[in-house]
Amino acid sequence: QNFRSEMAERSRPEMTQEQYDQLMSHLEERYRDESKPARVRVYQRFFYLWCATLDATGIRPWSSAENALKWDDIEIIHKPNNEIQSITIKRNEKSHSYEAVADEHWVDIYNDLLVVHQAWGIASPYVFSHPSSKGKILKGAPILSFKRQWNGATKKFGWAEKGAPQKQRISPY
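What counts as what
Residues numbered from 1 in each chain as written. Predicted model: local features only at pLDDT ≥ 70, side-chain atom pairs only at ≥ 80, totals over all residues. Heavy atoms only, no water. Helix = DSSP H or I, 4+ residues; strand = E, 2+ residues; numbered from the N terminus. Buried < 20%, exposed > 50% of the residue type's maximum accessible area, 1.4 Å probe, protein only. Polar contact = N/O pair within 3.5 Å; in protein donor to acceptor, adjacent residues only side chain to side chain. Pairing = 2+ DSSP bridges. Axes fitted to C-alpha atoms, helices over the stretch in contact; angles between N-to-C directions. Parallel < 35°, antiparallel > 145°, perpendicular 65-115°, else oblique. Left-handed = near helix turned anticlockwise from the far one by under 90°. Contact = heavy atoms within 4.5 Å. Nonpolar A, V, L, I, M, F, W, Y, C, P; charged D, E, K, R; others polar. Salt bridge = Lys/Arg side-chain N within 4 Å of Asp/Glu carboxyl O. Phe/Tyr/Trp six-rings, centres within 6.5 Å; stacked < 30°, edge-to-face > 60°.

A. Summary view of the side chain of Arg91. Tracing the backbone through its elements, the reader meets Arg91 in strand E2 (residues 84-93). The exposure class of Arg91 is buried, given its relative accessible area of 3%. A polar contact is formed between the side chain of Arg91 and the backbone oxygen of Asn67, at a distance of 2.8 Å.

B. Structural detail: the pairing of strand E3 (residues 96-101). When E2 meets E3, the two strands line up antiparallel, connected through six bridges. By the bridge assignment for E3, Lys90 is matched with Glu99. What sits between E2 and E3 in their antiparallel hairpin is a turn of two residues, with Lys94 showing a positive phi close to 50°.

C. Up close: the sheet that holds E3. Ordered in space as E1-E2-E3, the three strands form an open sheet in which the pairing is antiparallel. One side of each edge strand has no neighbouring strand; the edge strands of this open sheet are strand E1 (74-78) and E3. Neighbour-to-neighbour, the strand axes of this sheet turn through a mean angle of 20°, independent of strand direction.

D. Highlighting the packing of helix H3 (residues 38-57) against helix H4 (residues 106-120). Look at H3 against H4: their axes get within 10 Å of each other, and the N-to-C directions meet at 155°. In terms of their interaxial angle, H3 and H4 are classed as roughly antiparallel. In the packing of H3 onto H4, the handedness of the crossing is left-handed. Counting all contacts with H3, which are made through Ala38, Arg39, Val42, Arg45, Phe46, Leu49, Ala52, Thr53, Ala56 and Thr57, the residues of H4 involved are Trp106, Ile109, Asp112, Leu113, Val116, His117 and Trp120. Looking at the contact of H3 with H4, its residues break down into 11 nonpolar, three polar and three charged.

E. Region of the structure containing unusual backbone geometry. Its identity as a non-glycine residue notwithstanding, Asn82 has a phi of 75°, on the positive side. Mapped onto the secondary structure, Asn82 falls in the loop between E1 and E2. Classification of Asn82 by relative accessible area gives exposed; the value is 55%.

F. Quick peek at the environment of Ile122. Turning to its location among the elements, Ile122 is positioned in the loop between H4 and helix H5 (147-156). Through-space distance from the C-alpha of Ile122 to that of Gly140 is 5.8 Å; in sequence the pair is 18 residues apart. The contact partners of Ile122, leaving out residues within four places of it in the chain, are Phe46, Val116, His117, Ser129, His130, Pro131, Lys139 and Gly140.

G. Inspection of the pattern of salt bridges at higher detail. What the rule picks out here adds up to three salt bridges. Between Asp112 and Arg45 there is a salt bridge, with its nearest N and O atoms 2.7 Å apart. Here Asp112, found in helix H4, pairs with Arg45, found in helix H3; they are 67 residues apart in sequence, far enough to count as distant. The exposure class assigned to Arg45 is buried, which follows from its relative accessible area of 15%. In this structure, Glu83 engages Lys79 in a salt bridge whose closest nitrogen and oxygen atoms are separated by 3.9 Å.

H. How the structure looks around the packing of aromatic side chains. By the definition in use, this model includes 10 aromatic pairs. Ring geometry for Phe46 versus Phe128: centroids 6.0 Å apart, planes at 65°, classification edge-to-face. Taken together, the residues span a long stretch of sequence, with Phe46 in helix H3 and Phe128 in the loop between H4 and H5 at a distance of 82 residues. Under the relative-accessibility criterion, Phe46 is labelled buried at 0%. Feature note: the residues Phe46, Phe47, Trp50, Trp62, Phe128 and Phe146 constitute an aromatic cluster, connected by ring pairs.

As structure tokens, then:
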């Protein structure tokens, strides 16, 4: 019983709809800012789509190529009239497999991701993959984390004050 109360005390707060809208508006402004180089803007677009994906699917962020989201993990089933019947995403996390059910509107995010891949000529099995090579980063390799972008956004809005306890910091999951 004590364990459960301690867990509740340490639990991170849920992001409110207002905070989510604020975050997504901020990210949209960033990827639409034509004064920034295209490479910077495409990463901002990927971050926006990553946040929308986590929201619409409930999947957790990943930090390894083994757990990175792949195109083959996604199954979209259509009804005979071509409406979306279901969208599922196969996931393997912490030694167990499951299928996440995506919101039917996630198909728009999926299509946006396809457009980004096509526009940048990315041929990769990974949904979130580097659009170009630079230094040790290879085009098509999975983007393992959006931690820097997440931390920057949460800092901007004061959602993750330095040194604040975990229960006061919003997490992407």
